[in-house]
Amino acid sequence: MDHELSCQEFVELITEYLEGALTADNRTRFEMHVHHCEGCATYVDQMRQTIALMGKLTEGHISEQAKANVLRAFADWKREGH
Amino acid sequence: MQEQAMIEALRTGDEAAFAALIDAYHGQMVRLALVYVHDTTAAEDVVQETWIAVFKGIGSFGARSSLKTWIFSILINRAKTRSTRDGKHAHLAFADHDDEPYTVSPDRFLPKDDPHYPGAWQEDPQSWANVPEAHMLSQETLGIIQATMDALPPQQRQVMLLHDVQGWLSDEICNLLSITETNQRVLLHRARARVRQALATYFEDVRDGS
């Protein structure tokens, strides 16, 4: 990429940017673009907000019953002399 | 507890260590199993089988991978076996047919031959700045996210779950799923763009009062 980024190119680079996977040159192009482009600034903010919201989903929890079942299986297995 | 200490404790049959491991991973395991099998009962069965395989196999665990990666690989193998048995072959193939090169519709941008601003936004995305925080964080919003995620192609869903929900590091995910960093980022990018789009649509609908 030896030209300025278009908005259409910019939106496809966001995850690479956020994951630190862009080359130094592309990182600079990315940051220059967002600095001057309100639409892309909004879009990248929304991607960040989306990621933050993903982190609020529950990881899932264990029922006491399920845990008791697994621990009982473990105790039985030990008792059998392993 | 440090990884090596945990492995030693499990090998000596330390129940408290095992309980701590269950607390740490069981919920994540059920969520991941649900990418492969289609109901919670089947997912719980698969996780239970995995724990049994873990304590039976810990003696020969070779530490070539981390304990976490080892446990989750067992889980994925069991879940695949279960999904085959239940006839869910579609999930086994695991192909991601989503090879659309754009995550934002090309209609949103000026054409490439536009004389002034090729590829620029036709119309800027609407800001979410006026979405009240209470609404942003509401159960309804989280429900939209969950439903969108559940409808993603399985590879995208799995990577997004591990990375963005459960906070796994990229290299842990690549190891577990045997995919490249690049592939992982592409999957994550597509998944995030879809969830962002679902939220944008939802917030617009709310604003328009529909």
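Residues numbered from 1 in each chain as written. Chains lettered and ligands numbered in written order. Predicted model: local features only at pLDDT ≥ 70, side-chain atom pairs only at ≥ 80, totals over all residues. Heavy atoms only, no water.

Participant: So what exactly am I meant to see when it comes to the overall build of chain B here?
Facilitator: For chain B, the count of helices and strands is 10 helices and zero strands. The C-alpha radius of gyration computed for chain B amounts to 21 Å, which surpasses the reference 17 Å derived for 210 residues by more than 25%, pointing to a less compact arrangement than a globule. Considered along the principal axes of its C-alpha atoms, chain B spans approximately 70 × 40 × 35 Å. Of all intrachain contacts in chain B linking residues separated by at least 6 positions in sequence, the fraction that spans at least 24 positions is 62%. Taken as a whole, chain B presents about 10300 Å² of accessible surface, with 50% of it coming from carbon and sulfur. Within chain B, one finds 19 positive and 29 negative side-chain charges whose respective centroids are separated by 7 Å. (Helix = DSSP H or I, 4+ residues; strand = E, 2+ residues; numbered from the N terminus. Rg over C-alpha atoms; globule rule 2.2 N^0.38 Å. Contact = heavy atoms within 4.5 Å. Areas by Shrake-Rupley, 256 points an atom, 1.4 Å probe, with all protein chains shown as cover. Lys, Arg positive; Asp, Glu negative; His and termini not counted. Charge placed at Lys NZ, Arg CZ, Asp CG, Glu CD.)

Participant: What should I look at first to understand the layout of surface pockets in this one?
Facilitator: If you roll a probe as big as a water molecule over the atoms, it shows you where there is empty space left. All names here are of chain A. Of the volumes computed, that of the largest pocket is approximately 400 Å³. Looking at the largest pocket, it is lined by 16 residues, and the ones nearest its centre are Glu4, Leu5, Cys7, His33 and Cys37. If one sorts the elements of the lining of the largest pocket by residue count, helix α3 (residues 24-36) sits on top with five residues. For the lining of the largest pocket, the class distribution of residues is eight nonpolar, five polar and three charged. (1 Å grid on protein atoms, 1.4 Å probe; cavity = no way out; pocket = protein on both sides within 12 Å on 5 of 7 lines; lining within 4 Å. Points joined across faces, edges and corners; volume = space filled by probe spheres on them. Nonpolar A, V, L, I, M, F, W, Y, C, P; charged D, E, K, R; others polar.)

Participant: What am I meant to see in the side chain of Gln28(B) here?
Facilitator: All names here are of chain B. Among the secondary structure elements, Gln28 is positioned in helix α2 (residues 15-36). The buried category is assigned to Gln28, whose relative accessible area is 8%. Within the local environment of Gln28, its side chain forms a polar contact with the side chain of Gln166, the two groups lying 3.3 Å apart. Among the polar contacts made by the side chain of Gln28, one reaches the side chain of Trp168 at a distance of 2.9 Å. (Buried < 20%, exposed > 50% of the residue type's maximum accessible area, 1.4 Å probe, protein only. Polar contact = N/O pair within 3.5 Å; in protein donor to acceptor, adjacent residues only side chain to side chain.)

Participant: Help me understand the interface of chain B and chain A in this model?
Facilitator: How big an interface is tends to be stated in terms of accessible area lost as the parts join. With 55 residues of chain B at the contact, the number on the chain A side is 42 residues. Taken together, both faces of the contact between chain B and chain A bury some 4300 Å²; the carbon and sulfur share is 66%. Applying the counting criterion to the chain B and chain A interface returns two salt bridges. Across the pair Lys67(A) and Asp23(B) runs a salt bridge whose closest N-O atoms are separated by 2.9 Å. In this structure, the connection of chain B to chain A is made through 14 residue pairs in polar contact (both at pLDDT 80 or more). Where the side of chain B that touches chain A is concerned, the elements lending two or more residues are α2, α3 (40-57), α7 (139-150), α8 (154-165) and α10 (181-207) of chain B. (Buried area = accessible area lost by both parts, 1.4 Å probe. Salt bridge = Lys/Arg side-chain N within 4 Å of Asp/Glu carboxyl O.)

Participant: Is there a simple way to think about unusual backbone geometry in this case?
Facilitator: Peptide bonds are trans in most cases, and residues, glycine excluded, mostly fall at negative phi. With phi around 50 degrees, Ser178(B) is a residue other than glycine that occupies positive phi space. Position of Ser178(B) among the secondary structure elements: in the loop between α9 (170-177) and α10.

Participant: Explain the nonpolar core here, please?
Facilitator: Generally speaking, soluble globular proteins have nonpolar side chains that are buried together. By size, the foremost hydrophobic cluster in this structure holds 70 residues, and its most contacted members are Phe18(B), Leu32(B), Trp51(B), Leu67(B), Ile71(B) and Phe72(B). If near-sequence neighbours (up to four positions away) are discounted, Leu32(B) is found in contact with Phe72(B), Leu75(B), Ile76(B), Gln158(B), Leu161(B), Leu162(B) and Leu176(B). With 19 residues, the next largest nonpolar core counts Leu5(A), Val104(B), Ala120(B) and Ala193(B) among its residues. (Core = buried A, V, L, I, M, F, W, Y, C linked by side-chain atoms within 4.5 Å.)

Participant: I'm lost on helix α1 (residues 3-11) of chain B in this one. Help?
Facilitator: Spacing of three or four residues puts side chains on the same side of an α-helix, whose turn is 3.6 residues. All of the buried residues in α1(B) are Met6(B), Ile7(B), Ala9(B) and Leu10(B). Projection of α1(B) onto a plane perpendicular to its axis shows the buried side chains occupying an angular sector of 165 degrees, all on one side. Contacts made by the buried residues of α1(B) are with α5 (64-79) of chain A together with α2 and α4 (67-85) of chain B. Phi for Gly13(B), located one or two positions after α1(B), is positive at around 80 degrees. (Arc of directions from axis to C-beta.)

Participant: Would you explain the environment of His163(B) in this entry?
Facilitator: The topology assignment puts His163(B) in helix α8. Look at His163(B) and you get buried, because its relative accessible area is 14%. A C-alpha to C-alpha distance of 14 Å links His163(B) and Phe72(B), two positions 91 residues apart in sequence. Setting aside its immediate chain neighbours within four residues, His163(B) contacts Glu19(A), Trp168(B), Ser170(B), Ile173(B), Gln184(B), Leu188(B) and Arg192(B). Among the polar contacts made by the side chain of His163(B), one reaches the side chain of Glu19(A) at a distance of 3.2 Å.

The analysis is restricted to geometry; functional conclusions fall outside its scope.
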